[in-house]
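Letter by letter, the chains look like this.
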Amino acid sequence: MSAKGGLVCPKCGSESVIRIQYGLPSHDALEAVGRGEVILGGCCIGGNSPQYHCKECQNEWGKMRIGGEIYDDIVSFQAEVGGHLRECYFVTADWETKKLSYQVGSSAKGYVTKFERELKAEGWQQLIENLKECSFVFWLDQYEDHTVLDGTQWSVRLKLTDGEIIEKAGDNSFPAYWEKFCTGIAELVGERFE
Ligand SMILES: [Zn+2]
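Predicted, not measured: the structure shown is a model, and the values here were computed from it. (Residues numbered from 1 in each chain as written. Predicted model: local features only at pLDDT ≥ 70, side-chain atom pairs only at ≥ 80, totals over all residues.)

Looking at the packing of helix α2 (residues 121-133) against helix α3 (residues 178-189)
Thinking step 1. Where α2 meets α3, the axes come as close as 9 Å, and the angle between the chain directions of the two elements is 175°. By the angle between their axes, α2 is roughly antiparallel relative to α3. When α2 is examined against α3, the residues Gly-123, Gln-126, Leu-127, Asn-130 and Glu-133 are found in contact with a partner set consisting of Lys-180, Phe-181, Gly-184 and Leu-188.
Thinking step 2. Looking at side-chain class alone, the contact of α2 with α3 contains three nonpolar, four polar and two charged residues. (Axes fitted to C-alpha atoms, helices over the stretch in contact; angles between N-to-C directions. Helix = DSSP H or I, 4+ residues; strand = E, 2+ residues; numbered from the N terminus. Parallel < 35°, antiparallel > 145°, perpendicular 65-115°, else oblique. Contact = placed C-beta atoms within 7 Å. Nonpolar A, V, L, I, M, F, W, Y, C, P; charged D, E, K, R; others polar.)

Observations regarding the nonpolar core
Thinking step 1. Of all hydrophobic cores here, the largest spans 24 residues; its most connected members are Ala-79, Val-81, Val-91, Ala-93, Ile-185 and Phe-193.
Thinking step 2. Going through the elements one at a time, β5 (74-83), β6 (86-94), β7 (99-106), α2, β10 (153-160) and α3 are the ones with two or more residues in this core.
Thinking step 3. Ignoring sequence-local partners within four residues, the contact set of Val-91 consists of Gln-78, Ala-79, Tyr-102, Ile-185, Val-189 and Phe-193.
Thinking step 4. If you look at the next biggest cluster of nonpolar residues, it comprises six residues, including Val-17, Tyr-52, Cys-54 and Trp-61. (Core = buried A, V, L, I, M, F, W, Y, C linked by C-beta atoms within 7 Å. Buried ≥ 20, exposed ≤ 12 C-beta atoms within 10 Å, placed from the backbone.)

So, the sheet that holds strand β3 (residues 50-54)
Thinking step 1. Ordered by their spatial adjacency, four strands build an open sheet running β2-β1-β3-β4, and the pairing between neighbours is mixed. The open sheet has two free edges, formed respectively by β2 (38-40) and β4 (60-63), since each of these has just one partner strand. If you compare each strand with its neighbour and ignore which way they point, the axes differ by 30° on average.
Thinking step 2. Its contacts with the sheet place helix α1 (residues 27-34) against β1 (17-21) and β2, and it is angled at close to 115° to β2. (Pairing = 2+ DSSP bridges.)

Below, the structure written as structure tokens:
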């Protein structure tokens, strides 16, 4: 499983990770500092303020997501939508390797790669714009509706320049801009994604 919530250092892999707290510390916060559970980051939070600190290698990462400035830091993207009783679609776009791929599958037959091709700058820009327009940073981490069985599951996973992974997922429950998001992905790959 990946470093969910950023609690594994993306640089050295250590789990000795603590949260950085900003603002004037409360009495409780000071005690937590004393126990080595948090460190203080000063009183001012900016868009570049990291949220996590690795006690092993002193790496700090996990920018506050103010104003959605993660968009410039995305290096790879993957999105999947599907379910047990329906077709599944899987898209990956990687800006480091400049590759865009599209797979179709089902739980019975497995996945088949329909294409893997060069990811052009316009395509990458289009993808980032789609994430922005769909307010991706404001999506919840998890959307769930347990009243429906065997419906549609989805997930979207981003990797940032500092190695941090952002993953959002859902089970028969979707963010407000889900349809718009899917339309944007379908346009990018020129195939179905819904
Ligand atoms: Zn580390």
